[in-house]
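# Understanding the architecture of this molecule
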Amino acid sequence: METKQLGKSGVYVSAIALGGMPMSLRDRPTESESLKVIHRALDLGVTFIDTADSYCKDESDKHHNEKLIHKALQTYNGDASNVVVATKGGLMRPQGNWTRNGNPEHLRKTIRESFEALGGNKPIDVWQYHSPDPDYTIEEALTPASEAVKEGLIRFVGVSNFSVEQIKQAQDVVEIVSVQNQYSPWYRQPEKDGVLKYCEQQQLTFLPWSPLGGSRRHSDLQDIKAIAQLAKEKGVSVYCIVLAWLRSKSPCILPIPGASKVSSIEDSVRAADVKLSDEEVQRIDRET
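Right, let's walk through the structure included here. (Residues numbered from 1 in each chain as written. Predicted model: local features only at pLDDT ≥ 70, side-chain atom pairs only at ≥ 80, totals over all residues. Heavy atoms only, no water.)

With that settled, consider the overall build of the protein. When you go through the protein residue by residue, the secondary structure sums to twelve helices and eleven strands. Scaling as 2.2 N^0.38, a compact globule of 288 residues should have a C-alpha radius of gyration of about 19 Å, and the protein matches this with 18 Å. Within the protein, the fraction of its 288 residues that count as buried is 55%. Restricting to contacts in the protein with at least 6 residues of sequence separation, those with at least 24 account for 75%. Accessible surface, the protein as shown: approximately 12,600 Å² in total, 44% of it carbon and sulfur. Once the 35 positive and 39 negative side-chain charges of the protein are each reduced to a mean point, those two points are 4 Å apart. (Helix = DSSP H or I, 4+ residues; strand = E, 2+ residues; numbered from the N terminus. Rg over C-alpha atoms; globule rule 2.2 N^0.38 Å. Buried < 20%, exposed > 50% of the residue type's maximum accessible area, 1.4 Å probe, protein only. Contact = heavy atoms within 4.5 Å. Areas by Shrake-Rupley, 256 points an atom, 1.4 Å probe, with all protein chains shown as cover. Lys, Arg positive; Asp, Glu negative; His and termini not counted. Charge placed at Lys NZ, Arg CZ, Asp CG, Glu CD.)

Structure follows, in C-alpha cells:
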C-alpha cells in the first residue's frame, strides 16, 4: 500500500489506517471477530492503527481497545514490527458517557497504563491528548507527555480536537507530529478554521476522525448524489469515494476509518487506489 510520512518523524505508515473504536464500545463484536479484523488489516498492508484509553464501555473497562490491539499484534502470524499504534488520553467514560480530564496527574497515570496495555516493552508509538480540558492549560496538560517522551514511555506526541491556537500552544511544550480533528462531508470545519492549512504548513499529519460520518450518518452517504454517482462510475462503495475525497483534500490527510467487520476494512483499504480528479472533488464539495 502507498505510505505517508507521519509528521516530520521519518516514520512512514500506510495511507489508509484502521480505527479501533468500534471494536470496544458497548455493541462491540466478539474478541475473536475483532482479532480477525485487525489481522486482516495487517494482511492488507495497514501499518497505522488508531486507538485510545477511552475506547471501552465505561471506566471499569478502560484501556480495552489498547489491550485488544496489543493481543492482535502478538498473535499475528506475519511481521507486525513496522505497525504504528497511536493512542489517546484525556477522556473519561463514567457510566459510558464521555467527559474531559486534563488533570496532569491523571494524564501521567493513564500514559503509564496505556504503556502497559500496549505491551510495556517499548515506547507508545504516538500518544495524543484527546481533547482540551478548559480547567487546565495546554502547557499543564501536555507537560506529562513531554516528561514521558524523555522517560522513554512515548515516542511521538499528537493532539486531538485542537484549534490552530491550541496547536501552537502545544508546540511550545512538546514536538507534535499529528492532529486528529473531526472531518467528513458533513463536517468540514478544518477547512474553515485553518487547522488543515496549518497542518500542511507545519508538516503535521491530519487524522480525520469520524471520516464517514459515524454510525449515525454513514448510511446517508448514498443520498449525496455526487458521491453515489462517482461510486457507480468507479465501481467502488460510497465509503471508498469519501475516503478518496478526504485524501484529495490535502497531502497531510491520513484517514482512520473504524471497522468492526473484516468486510469493512477490506472496503476501506480499496480507497488507497481510488483517484479523484479536481473536477470530481469539486462535484462533491458543491453538495456537501
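The phi torsion at His-63 lies on the positive side, around 70°, for a residue other than glycine. Along the polypeptide, His-63 turns up in the loop between strand S4 (48-50) and helix H2 (64-75). A positive phi is found at Asn-161, a non-glycine position, where the angle reads about 60°. For Asn-161, the location among the structural elements is in the loop between strand S9 (154-160) and helix H5 (164-171).

Let us now look at the nonpolar core. Core analysis: the biggest nonpolar cluster contains 74 residues, and Leu-18, Trp-127, Leu-142 and Phe-206 have the highest contact counts within it. Take this core: its biggest share by element is eight residues, from helix H10 (residues 238-249). The residues touching Leu-142, leaving out its near neighbours within four places in the chain, are Trp-127, Tyr-129, Val-157, Val-159, Ala-170 and Val-173. Judged by nonpolar contacts, the second largest core, of 13 residues, contains Ala-17, Val-84, Phe-156 and Leu-207. (Core = buried A, V, L, I, M, F, W, Y, C linked by side-chain atoms within 4.5 Å.)

Any two side chains of opposite charge can pair if their charged atoms end up close together. This structure, assessed with the given rule, holds 19 salt bridges. Close ionic contact of Asp-125 with Lys-122 constitutes a salt bridge, the shortest N to O distance being 3.0 Å. On the basis of relative accessibility, which here comes to 9%, the residue Asp-125 falls in the buried class. Looking at Lys-122, the relative accessible area reads 43%, which means it is partly exposed. With a closest N to O distance of 3.0 Å, Arg-188 and Glu-191 form a salt bridge. A single network of salt bridges, built from pairs that share partners, joins Arg-188, Glu-191, Lys-249 and Asp-285. (Salt bridge = Lys/Arg side-chain N within 4 Å of Asp/Glu carboxyl O.)

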